[in-house]
Amino acid sequence: MCSTCYSRSRAPIVTPQELARRRTPTLTTMSFNFSNFTKDLKSLGDKLGNEFNSEILPFAQRTSRIVQEKMGKINVDEISQLPSEYLELAERCNNIEKLYKNVLKVTSNYENESYDYPTNLQESFTDFGKNISSRVSNLSKATTPAEAQAALINPTTGEFKPPKTLYHALARATDASVLTNKSPENQDDHLVKALDLYSGGINKIANARLGQDQLITSKFNKPLSSTLRQLISQSNNIQKKVEQKRIDYDMARANLSSSTNATKEPQLRVIMENAEDEFANTVEDAINIMQNVLENAKPLEEFHELIKAQLAYHKVAAELLGAMVSDFDKLVEENQKKSDANRSSRESGEFDI
């Protein structure tokens, strides 16, 4: 190969100085990245500083003021008094909130099927699944289709599910079919008849209790919870805002009165006047909001629904128990006559073979 061709095919020679120059970043690139970083850092610092000045610092100052007021370190005349109309409305709203929360702590138990079910009462699903006729009997004793479904059937799986209530457990424990299998020779037994009457009546009372619970949940618990969440929360929020504006105004007054710098007094006066306007406007808004809350809260109507649900249940229970007492009176009398006849037969020496 000729020397000319050989020289063209070889790669150009790179000196060590050129290689070092290529590997070294330019000063322009470095200064650009550092500049962006500095700008971002400054922006973040400004943002944190603004948030501190607008939120954290005022909150700390208000908290300090509240503590001083509660400790009696602030004179009474330095604490702004709220209008009597506002105070009356706030008290009424707060009383409704307290009432609803206290009642719901109790009535929320109606949403738990087993609230009256003894924890020491052990029952096995297997025991109840052995007797198919018992299931049919329990279904026939329900007063409405909804009660039958709620009492006996799991709508998602169709699996037999005995209700975990005291009266349902009592009805199952006294089911004559489980004890005697209703054999023909036991059909006239007074105890079997009595158990049929009692178990059937108690089961109906138990189903009526489930109906009561559903009514209380839908017509009392849910409306009360909705009122607390949607209405009473408005009252709470505006009361907090009023207290915040009141403290801001009182601190602005205190800063103006304690100022010894004449050049700052005009600015402090403007701050105080603005705080006074905000305080007055917030109090006016609060009065309107709390009036609306009291107009739309319906405690009388809601407690009326609670009473109606309880009455319906207890009325059914009273009627069924009263009927059972009458039936048992007859059974006890018939059983006594039968016992007397058997005793007389034994005393006379007459025996049936």
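The rules behind these values
Residues numbered from 1 in each chain as written. Predicted model: local features only at pLDDT ≥ 70, side-chain atom pairs only at ≥ 80, totals over all residues. Heavy atoms only, no water. Phe/Tyr/Trp six-rings, centres within 6.5 Å; stacked < 30°, edge-to-face > 60°. Helix = DSSP H or I, 4+ residues; strand = E, 2+ residues; numbered from the N terminus. Buried < 20%, exposed > 50% of the residue type's maximum accessible area, 1.4 Å probe, protein only. Salt bridge = Lys/Arg side-chain N within 4 Å of Asp/Glu carboxyl O.

- An unreviewed UniProt entry lists the protein chain under the name BAR domain-containing protein, with Meyerozyma guilliermondii given as the organism.

**Considerations on the packing of aromatic side chains**
- Across all of its chains, the model carries three aromatic pairs by this definition.
- Judged by centre distance (5.5 Å) and plane angle (80 degrees), the ring pair of Tyr 110 and Tyr 115 falls under edge-to-face.
- Consider the rings of Tyr 249 and Phe 279, whose centres lie 5.9 Å apart with planes at 25 degrees: the pair is stacked. Remark: Phe 279 occurs in helix 11 (residues 265-296) and Tyr 249 occurs in helix 10 (residues 190-258); sequence separation between them is 30 residues. Note on accessibility: Tyr 249 and Phe 279 belong to one class, buried.

**Details of the pattern of salt bridges**
- Within this structure, the stated rule accounts for eight salt bridges.
- Here Arg 246 makes a salt bridge to Asp 250, at a shortest N to O gap of 2.9 Å. Remark: Asp 250 and Arg 246 occur in helix 10; sequence separation between them is four residues, near one turn of the helix. By the burial criterion, Arg 246 is buried, and Asp 250 matches it.
- Here the residues in one salt-bridge network are Glu 243, Arg 246, Asp 250 and Arg 253, joined through shared partners.

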